[in-house]
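# Observations on the three-dimensional arrangement
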Amino acid sequence: MTKSRAFLKWAGGKYKLADQIAARLPDSETLVEPFVGAGSVFLNTQYRRYRLSDINPDLIGLYLTLKADPDAYIREARKWFVDVNNDKTTYYGIRSEFNQTHEQFGRAVLFLYLNRYGYNGLCRYNKSGGFNVPFGSYKKPYFPERELWFFAEKAQSAEFYCESYAESFARAGSGDAVYCDPPYLPLSTTANFTSYASGGFSLDDQALLADCALDAAQQRGATVLISNHDTPLARKLYHAAELDQLKVTRSISQSASGRKKVDELFALYRP
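Residues numbered from 1 in each chain as written. Predicted model: local features only at pLDDT ≥ 70, side-chain atom pairs only at ≥ 80, totals over all residues. Heavy atoms only, no water.

### Things to note about helix 5 (residues 88–100)
What counts, and what does not: Put simply, DSSP marks the helices as runs of H or I at least four residues long and the strands as runs of E at least two long, and each gets a number from the N terminus on. Helix span is expected to be 1.5 Å times the residue number reduced by one. Throughout, exposure labels follow a simple rule: accessible area from a 1.4 Å probe, protein chains only, divided by the maximum for the residue type, with under 20% read as buried, over 50% as exposed, and the rest as partly exposed. In this context, the arc is that of the directions from the helix axis out to the C-beta atoms. Any two residues whose heavy atoms approach within 4.5 Å at even a single point are treated as in contact. Definition of a polar contact: a pair of N or O atoms within 3.5 Å, with one able to donate and the other able to accept a hydrogen when the atoms are protein atoms, and with sequence-neighbouring residues admitted only if both atoms are side-chain atoms.
With 13 residues, helix 5 extends 19 Å between its outermost C-alpha atoms, agreeing within 8% with the 18 Å of an ideal straight helix rising 1.5 Å per residue. Those residues of helix 5 lying buried are Tyr91, Ile94, Arg95 and Phe98. Here the buried residues of helix 5 occupy an arc of 105° about the axis, which is enough to place them on one side. Exposed and facing more than 90 degrees away from the buried side of helix 5 are Thr89 and Gln100. Here the buried face of helix 5 lies against helix 3 (57–68) and helix 6 (104–117). If you check the start of helix 5, you find a side-chain oxygen 3.2 Å away from the backbone N of threonine 89, and it comes from aspartate 87.

What follows is the structure, given as C-alpha cells:
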C-alpha cells in the first residue's frame, strides 16, 4: 500500500513510523486516537471507523470543515498560496487576522496557510491563546491539494472531537483499538516538555494517560498502544504494558554533529 502524507506539517508527526505502528495495532472495527495530530496513523491504516480527537480546537475545526465541504474549503484555501503572501510582513498581518477571527471556516482556511508558511510546521500559542509561530521563510510553500482530497475522502469514515485524552478514552469500548501519540517525555530533566496546545502536557498527564490506558484495557476491553521516548521514566510509567523498543533516527539537535538516534518505546496494553 502506498503511504499517504498528512496535508499539515506537524512536529512529531508519525509518517515515518506509520507502518511500525499499524503492525502493532490489533484488527478491529474502530480505531480511537486521543492525540490525532496531523493524522498520519489515521491516513495509513484500514479501519472501518475512526474516532479522532485532539485538544486543539483549530485542528479539529479544520478537519470538520474539510470533511463537511471539501470543494469549498480547498477552493478557498488555494487562494492564499500565492507568491505575494510569502512575505514576512504579510504573514504577520495574516497571523493577526487569524487571531481575531472566530468564524470556523475562516479560521480553518488561515490555519492551513499559517501551518505551511510558518516556521517548521509548529503549532504554538501564547498564554492568551494567540497563535504565535514566526514566519518560516520558505522558497515556495507547497499547497497540499492531493493530500487534502485524500484526507477529506477518508474523513467520511471518521468522527472528530475536540476534547481531552481522558474524554477520548471514555469513548473506547470492547474490541476497539486505541493509539496514543502524546507530547513526548523530555529526554533529560533539563529538556522542556512539548507544548502544542494552551496548557501544555505535564508529568501528571503522562502518568494519568498510562492509568487511562490500563483502565481501558482491563475494565473495558480495548487494546491500547502508546508511543513515547524510551526513557527510564517512560518504562516506569508503562510498567503494566508489554514494552517494545524501536531504533529511530529522530534528530534532537539543530546541528548535524549533535544529532543522535533516539529510541522509541511502544507500550501495548491488552484486554
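That shown, we press on.
### What about the environment of valine 109?
When you line up the elements, valine 109 lands in helix 6. In this structure valine 109 comes out as buried when scored by relative accessible area, which is 3%.

### Thoughts on the side chain of arginine 116
Short version of the rule: Here the positive residues are Lys and Arg and the negative ones are Asp and Glu; neither His nor the chain ends is included. A carboxyl oxygen of Asp or Glu within 4 Å of a side-chain nitrogen of Lys or Arg is what we treat as a salt bridge.
Residue position: arginine 116 is located in helix 6. Buried charge without a partner: arginine 116 forms no salt bridge, and the closest opposite charge is glutamate 147, 6.1 Å away. In this structure the side chain of arginine 116 is engaged in a polar contact, spanning 3.0 Å, whose partner is the backbone oxygen of phenylalanine 7. Residues contacting arginine 116, with those up to four places away along its chain left out, are Ala6, Phe7, Leu8, Lys9, Phe81, Tyr138, Pro141, Tyr142 and Pro144.

### Considerations on the environment of asparagine 126
Within the secondary structure, asparagine 126 is located in the loop between helix 6 and helix 7 (145–154). On a C-alpha basis, the gap between asparagine 126 and phenylalanine 7 in space is 24 Å, while along the polypeptide they are 119 residues apart. Here the side chain of asparagine 126 touches serine 128 through a polar contact of 2.9 Å, side chain to side chain.

### A short note on the sheet that holds strand 5 (residues 223–229)
For clarity, the threshold we go by: Strand pairing is defined by DSSP finding a minimum of two bridges between the two strands. For every element, the axis is a line fit to its C-alpha atoms; helices are fit only across the contacting stretch, and the angle between N-to-C directions ranges from 0 to 180 degrees.
The strand order 3-2-1-4-5-7-6 describes an open sheet built from seven strands, whose pairing is mixed. Of all the strands in the sheet, the pair left with one neighbour each is strand 3 (158–162) and strand 6 (242–248). Adjacent strand axes in the sheet meet at a mean angle of 15°, parallel and antiparallel pairs treated alike. Across the sheet, helix 3 lies against strand 2 (49–54) and strand 3, angled at about 150° from strand 3, the strand it touches most. Along the sheet, helix 9 (residues 203–220) makes contact with strand 4 (177–180), strand 5 and strand 7 (262–269), crossing strand 5 at roughly 155°.

### With respect to the packing of aromatic side chains
Counted only if it meets this: Any Phe, Tyr or Trp ring, taking Trp's six-membered ring, that has another such ring centre within 6.5 Å forms a pair; planes under 30 degrees apart are called stacked, those over 60 apart edge-to-face, and the others tilted. Consider the ring centre and the ring normal. A charge sits over the ring if Lys NZ or Arg CZ is within 6 Å of that centre and within 35 degrees of that normal.
Tallying each qualifying case throughout the model produces 24 aromatic pairs. The interplanar angle of 75° and the centroid separation of 6.3 Å between the aromatic rings of phenylalanine 111 and phenylalanine 131 together place this pair among those described as edge-to-face. Here the residue phenylalanine 111 occupies a position in helix 6, and phenylalanine 131 occupies one in the loop between helix 6 and helix 7, the gap between them amounting to 20 residues. Look at phenylalanine 131 and you get buried, because its relative accessible area is 3%. Of the aromatic side chains, those joined through ring pairs into one cluster are Trp80, Phe81, Tyr91, Tyr92, Tyr113, Tyr117, Phe135 and Phe143. Against the face of tyrosine 15 rests lysine 3, its NZ or CZ located 4.4 Å from the ring centre. Directly above the aromatic system of tyrosine 161 lies the positively charged group of arginine 171, at a separation of 3.5 Å from the ring centroid.

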